[in-house]
Amino acid sequence: HELPWICSSSDDQTIRLWNWQNRSIVAVLTGHTHYVMSVQFHKEDNLILSSSLDYKIFVWDYSELKEKHQKFAGDARSKKIEMFTGVEVEVKNI
């Protein structure tokens, strides 16, 4: 993907999207009910795959978040995490 984002999994049951350029959190994805063991961006689509000790694999669609990021990319507000509040990252499949 072309965005300056990386993702991390955690034992707090979340996935976090980070902007590695300005060291800020873009989004926190919740839905798993146990430790999230792995997370990966899809190579072609706007999807993130995560697996957890809750025996579930989630496929997250971050298209809406990406559109909002690109819309405000030239704006000074794009460096603030407040820009992303209320933006849903949709679970496509469980």
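Residues numbered from 1 in each chain as written. Predicted model: local features only at pLDDT ≥ 70, side-chain atom pairs only at ≥ 80, totals over all residues. Heavy atoms only, no water.

### Description of unusual backbone geometry
Then, in step 1: In this structure, Arg23 takes a positive phi of about 60° despite not being glycine.
Then, in step 2: Assignment of secondary structure puts Arg23 in the loop between strand 2 (14-19) and strand 3 (24-30).
Then, in step 3: Taking relative accessible area as the criterion, Arg23 reaches 76% and is therefore assigned exposed.
Then, in step 4: Of note, Tyr55 is a non-glycine position whose phi angle comes to about 65°, a positive value. (Helix = DSSP H or I, 4+ residues; strand = E, 2+ residues; numbered from the N terminus. Buried < 20%, exposed > 50% of the residue type's maximum accessible area, 1.4 Å probe, protein only.)

### Details of the packing of aromatic side chains
Then, in step 1: Using the criterion set out here, one finds three aromatic pairs in the structure.
Then, in step 2: Relative to Tyr62, the ring of Trp5 has its centre 5.9 Å away and its plane inclined at 55°; by these criteria the two rings are tilted. One end of the pair, Trp5, is in strand 1 (residues 5-9); the other, Tyr62, is in the loop between strand 6 (57-61) and helix 1 (63-71), and 57 residues separate them in sequence. Like Tyr62, Trp5 is buried. (Phe/Tyr/Trp six-rings, centres within 6.5 Å; stacked < 30°, edge-to-face > 60°.)

### Points about the confidence of the model for the protein
Then, in step 1: Per-residue confidence for the protein gives a mean pLDDT of 80; residues scoring 70 or more make up 74%.
Then, in step 2: Per-residue pLDDT, averaged within each element of the protein, yields its smallest value for strand 7 (residues 90-93) (59) and its largest for strand 4 (residues 36-41) (95).
Then, in step 3: Confidence over residues 76-87 falls short of pLDDT 50; this stretch has 17 contacts with residues more than four positions distant or in other chains. (pLDDT = per-residue confidence, 0-100. Contact = heavy atoms within 4.5 Å.)

### Some words on the pattern of salt bridges
Then, in step 1: Tallying each qualifying case throughout the model produces one salt bridge.
Then, in step 2: Between Asp12 and Arg16 there is a salt bridge, and its shortest N-O distance comes to 3.1 Å.
Then, in step 3: Relative accessible area serves as the criterion here: at 23%, Arg16 is assigned to the partly exposed category. (Salt bridge = Lys/Arg side-chain N within 4 Å of Asp/Glu carboxyl O.)

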